[in-house]
Amino acid sequence: MKKRAETEVTGLRIALVDDEQIYLDEMAEICREFAEENHIDIEIYEFSDDGGFLSTEKDFSVVFMDIYMDGSDGVLTAKKLRERDSSCILIFMTTSTEHMPEAFSCHAFEYIVKPLSPQRVKEVLNDAVRLLPTTDEYAELYCDKINIRVALSEIVYAVTDAHYLDVALSDGTALRCRMTMKQFLGQTNDNERFILINKGIIVNADYITDFENNCCIPENGARLPIRVRDRLKIEQMVRNHNFDKIRKKQRYGG
């Protein structure tokens, strides 16, 4: 299975909106350097006014928006952007932080103060990339004498049974795999969604709906026994996981 790099994404489509060509050129160069350093495919579109930007039909992963543009207001432009795109990562560029409280009402992810610092821009880009959709991770499950490639996001839980691992998938499929829990965990790359709730039982926190009578209940209705002494800890881990997902979405307007 391919191990995901910290900044692995399917690609970046970046919009640069600034009425000064010197900043457009500088930002474009920094973004290209970042993409090359992190082996990311990139598309960059430059806009010197808000009219051209708002009239485009393209969707962007990241938008760098100048707050102060000749004849236009970057915050107002950002609000119009949010009417059609709630999920792109919005980063403001500014010479002053005076209007930042209003700017963040547009679900801005971050801001960068001019003159531009290449290091600062790359740090913000690196943080932004972590929130973008990634190529899904997969596990190779040995079932019925063949290897089956399954997305980790589709695995609801896995339970050890002697020399086998019973794996439940989100579509209702049940797989009986000739492998150990240790072998399975070795393929997850410490993916934070998987929580060990008992010896030989691991559950995808994305599918947990409830806890009842010392059992964890995923969406398919199974009742999986929890290690009693760790019940509170396990429940807190699930809450933390769900909270982190919500916080990441809200941070950039998802």
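First, a word on scope: everything that follows refers to the structure included in this document. (Residues numbered from 1 in each chain as written. Predicted model: local features only at pLDDT ≥ 70, side-chain atom pairs only at ≥ 80, totals over all residues. Heavy atoms only, no water.)

**Looking at the overall build of the chain**
A count of helical and extended segments in the chain gives seven helices and 17 strands. Over its C-alpha atoms the chain spans a radius of gyration of 23 Å, topping by over 25% the 18 Å that the globule rule assigns to 254 residues. Referenced to the eigenvectors of the C-alpha coordinate spread, the extents of the chain come out at roughly 70 × 35 × 30 Å. Considering the chain as a whole, with its 254 residues, one finds that 45% of them fall into the buried category. Nonlocal contacts in the chain, meaning residues at least 24 apart in sequence, comprise 55% of its contacts between residues at least 6 apart. Accessible area for the chain stands at about 13,700 Å²; split by element, carbon and sulfur atoms hold 47% of it. Seen as two clouds, the 32 positive and the 45 negative side-chain charges of the chain have centres 11 Å apart. (Helix = DSSP H or I, 4+ residues; strand = E, 2+ residues; numbered from the N terminus. Rg over C-alpha atoms; globule rule 2.2 N^0.38 Å. Buried < 20%, exposed > 50% of the residue type's maximum accessible area, 1.4 Å probe, protein only. Contact = heavy atoms within 4.5 Å. Areas by Shrake-Rupley, 256 points an atom, 1.4 Å probe, with all protein chains shown as cover. Lys, Arg positive; Asp, Glu negative; His and termini not counted. Charge placed at Lys NZ, Arg CZ, Asp CG, Glu CD.)

**Some remarks on the sheet that holds strand E3 (residues 62-66)**
Within the open sheet, the five strands sit side by side as E2-E1-E3-E6-E7. Their pairing is parallel. In this open sheet, the two edge strands, each paired with only one partner strand, are strand E2 (42-47) and strand E7 (110-113). Within the sheet, the average angular offset between the axes of one strand and its neighbour, ignoring direction, is 20 degrees. By the bridge criterion, four bridges tie strand E1 (residues 12-17) to E3 in an arrangement that is parallel. Opposite Ile14, over in E3, you have Val62 as the bridge partner. Contacting E1, E2, E3 and strand E6 (89-94), helix H1 (residues 21-37) runs over the sheet at an angle of about 175 degrees to E2. (Pairing = 2+ DSSP bridges. Axes fitted to C-alpha atoms, helices over the stretch in contact; angles between N-to-C directions.)

**Details of the side chain of Asn204**
Structurally, Asn204 is set in strand E14 (residues 201-204). Reaching out from Asn204, the side chain makes a polar contact with the backbone oxygen of Ile155 at a distance of 2.9 Å. Aside from chain neighbours lying at most four places away, what touches Asn204 is Leu152, Ser153, Ile155, Val156, Arg193 and Phe194. (Polar contact = N/O pair within 3.5 Å; in protein donor to acceptor, adjacent residues only side chain to side chain.)

**Let's talk about the nonpolar core**
If you look at the biggest cluster of nonpolar residues, it comprises 28 residues, and the most contacted ones within it are Leu16 and Phe64. Listed by contribution, the elements that provide at least two residues to this core are E1, H1, E3, E6 and helix H5 (118-129). If you tally residues by element for this core, the top one is H1, at eight residues. When sequence neighbours within four positions are dropped, the list of residues in contact with Phe64 reads Ile14, Ala15, Leu16, Val17, Met27, Cys31, Ile91, Met93, Ile112, Val121 and Leu125. Among the nonpolar cores identified, the runner-up in size contains 18 residues, and Ala15, Val17, Ile67 and Ala78 belong to it. (Core = buried A, V, L, I, M, F, W, Y, C linked by side-chain atoms within 4.5 Å.)

**Focus on the sheet that holds strand E17 (residues 224-225)**
Two pairing modes exist for strands in a sheet, parallel and antiparallel, and in both the strands are linked by backbone hydrogen bonds. Taken in spatial order, the three strands of this open sheet run E15-E16-E17, and their pairing is antiparallel. Unpaired on one side and paired on the other, strand E15 (208-212) and E17 mark the two borders of the sheet. Here E15 pairs with strand E16 (residues 215-218) via four bridges, running antiparallel. Note on E16: the bridge partner recorded for Glu212 is Cys215.

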